[in-house]
Amino acid sequence: MDTLTRIRAFIDVVEAEGFSAAARRTGRSKALLSKYVRELEDELGALLLNRTTRQFSMTEAGHTYYRTASDILKEIDNLADLVRENNQQLKGRLRISVPRTFVDAEVGQSLIDFAKENPDLALEIAADDRFVDLIEEGFDVAVRITKLEDSGMIARKISDFRVHLCATEEFLNLYPALEHPSDLTRVPFIIDTNTRSQGNIRFVDADSTIFNVAINGTLEVNSPHATLRAALSGLGIAVVPDFIGRKAIESGQLLTLFNDYLPTDRGIYAVYPHRRYLPAKVRIFVDYLHNWFRKNG
């Protein structure tokens with residue numbers, strides 16, 4: 001029996017958290033999986049798993065071996081996908097981390113369209129507004145709305161991104177002297193608590209000088225959609241992503257302020273771990289999103 005088969009058996013058992021669960025998931029018998037793991041331990045001369053009738057755990061050597069072995073197997077599988085991709089449809093599982101703001105908006109349709117066009121690929125979409133560690137949590141790719149910063153990840157821009165400061169005409173008539181962003185300190189805002197700088201807005205002057213303006217408001221909500229609805233109700237100024245506020249702005253329900261002062265250094269990015277052999281399913285997914293936004297953005 002080759003070493004790769006034994007390694008796969010070990011990883012299947014670890015990720016299923018037990019021999020019985022791994023047997024159900026892989027279709028192999030519990031006895032066969034146990035045999036493969038035992039042979040791997042004999043080959044290594046080290047105990048990888050602690051086995052009792054009721055408990056399952058990895059030894060320190062098991063933890064060390066699992067981390068490296070799982071990375072090696074991913075590279076092998078990715079290389080195989082790379083060779084096969086021109087001859088076969090995409091198969092397997094693709095785990096995607098996406099901001100809830102993205103998936104709940106109309107642009108979230110891009111993920112549904114991708115799933116529809118690739119029915120043999122199991123798509124697992126985790127919508128979460130927190131920062132996700134792709135490697136630690138086992139994601140293949142993430143969609144992030146951000147200012148691109150240096151990291152150990154690879155990022156590809158799939159679309160431009162901007163926000164709007166917007167409010168109803170009736171509300172803005174109550175504050176006729178808004179001539180500069182600094183005047184916003186005396187105007188009520190609806191504050192989206194999902195944003196990193198909840199109490200400040202960053203602006204860029206004509207000479208590229210960056211400055212911040214403190215904002216205040218009596219309504220705070222952790223949803224850009226609720227923020228938009230509050231602005232439409234005349235409760236204050238909202239800061240909303242373009243893909244959420246665009247229809248209300250284009251229809252004239254909301255007016256925008258100080259567009260020329262808002263920075264344009266953010267975008268929508270596909271981010272994935274640096275790998276020597278990029279999985280075909282990740283590359284094709286990223287290409288699909290890029291083209292989807294070109295057609296529908």
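About the thresholds
- Residues numbered from 1 in each chain as written.
- Predicted model: local features only at pLDDT ≥ 70, side-chain atom pairs only at ≥ 80, totals over all residues.
- Heavy atoms only, no water.
- Helix = DSSP H or I, 4+ residues; strand = E, 2+ residues; numbered from the N terminus.
- Rg over C-alpha atoms; globule rule 2.2 N^0.38 Å.
- Buried < 20%, exposed > 50% of the residue type's maximum accessible area, 1.4 Å probe, protein only.
- Contact = heavy atoms within 4.5 Å.
- Lys, Arg positive; Asp, Glu negative; His and termini not counted.
- Charge placed at Lys NZ, Arg CZ, Asp CG, Glu CD.
- Polar contact = N/O pair within 3.5 Å; in protein donor to acceptor, adjacent residues only side chain to side chain.
- Pairing = 2+ DSSP bridges.
- Domains from an automatic or database assignment.
- Axes fitted to C-alpha atoms, helices over the stretch in contact; angles between N-to-C directions.
- Parallel < 35°, antiparallel > 145°, perpendicular 65-115°, else oblique.
- Left-handed = near helix turned anticlockwise from the far one by under 90°.
- Nonpolar A, V, L, I, M, F, W, Y, C, P; charged D, E, K, R; others polar.

### Some points on the overall build of the chain
Across its full length, the chain carries 11 helices and 14 strands. Here the C-alpha atoms of the chain give a radius of gyration of 25 Å, more than 25% beyond the 19 Å that 2.2 N^0.38 yields for 297 residues. Summarising its shape, the C-alpha atoms of the chain cover approximately 80 × 40 × 35 Å along the three principal directions. Per-residue burial over the chain gives 40% buried out of 297 residues. In the chain, the proportion of contacts linking residues at least 24 apart, taken out of those at least 6 apart, comes to 72%. Taking the 37 positively charged and 42 negatively charged side chains of the chain as two groups, their mean positions are separated by 7 Å.

### Side note on the environment of histidine 164
Locating histidine 164 in the fold gives a position in strand S7 (residues 163-167). Histidine 164 gets classed as buried once you look at its relative accessible area, which sits at 9%. In sequence terms histidine 164 and asparagine 50 are 114 residues apart; their C-alpha atoms lie 56 Å from each other. In contact with histidine 164, not counting residues within four places along its chain, are Ala238, Val239, Val240, Asp242, Ile249, Thr256, Asn259 and Leu262. Here the side chain of histidine 164 touches aspartate 242 through a polar contact of 2.9 Å, side chain to side chain.

### A word on the pairing of strand S8 (residues 188-192)
Most of S8 sits inside the fold, with 4 of its 5 residues counted as buried. In terms of strand pairing, S8 meets strand S11 (residues 216-221) through 4 bridges, oriented parallel. Its bridge partner lying in S11, isoleucine 190 is registered against leucine 219.

### Things to note about the environment of threonine 218
Considering the arrangement of structural elements, one finds threonine 218 in strand S11. For threonine 218, a relative accessible area of 86% puts it in the exposed group. For the pair threonine 218 and arginine 93, spaced 125 residues apart in sequence, the C-alpha separation works out to 44 Å.

### A word on the domain arrangement of the chain
A common way to express how large an interface is: the accessible area buried when the components associate. For the chain, the assigned domains read domain 1 (3-84), domain 2 (92-160 + 266-296) and domain 3 (163-261). Taking only C-alpha atoms into account, the centre of domain 1 sits 53 Å from that of domain 3.

### As for the sheet that holds strand S12 (residues 237-241)
Strands sit in the order S11-S8-S12-S7-S13 across an open sheet of 5 strands; the sheet is mixed. Single-partner strands in this sheet number two, and they are S11 and strand S13 (255-257). Going across the sheet, the axis of each strand differs from the next one's by a mean of 40°, ignoring polarity. Examined bridge by bridge, S7 and S12 share 4 bridges and lie antiparallel to one another. Each bridged residue has a counterpart across the sheet, and for histidine 164 the counterpart in S12 is valine 240. Sitting on the sheet, helix H9 (residues 224-232) is in contact with S7, S8, S11 and S12, with an inclination near 140° to S12. Sitting on the sheet, helix H10 (residues 242-250) is in contact with S7, S12 and S13, with an inclination near 120° to S12.

### Thoughts on the packing of helix H1 (residues 3-16) against helix H2 (residues 19-26)
How two helices pack is summed up by the angle between their axes together with the distance between the axes. Where H1 meets H2, the axes come as close as 8 Å, and the angle between the chain directions of the two elements is 110°. Accordingly, the angle class assigned to the pair H1 and H2 is roughly perpendicular. Where H1 crosses over H2, the handedness of that crossing is right-handed. For the pair H1 and H2, contact is made by Asp12, Val13, Glu15 and Ala16 and by Phe19, Ala21, Ala22, Arg25 and Thr26, respectively. When grouped by side-chain class, the residues that make up the contact of H1 with H2 number 5 nonpolar, 1 polar and 3 charged.

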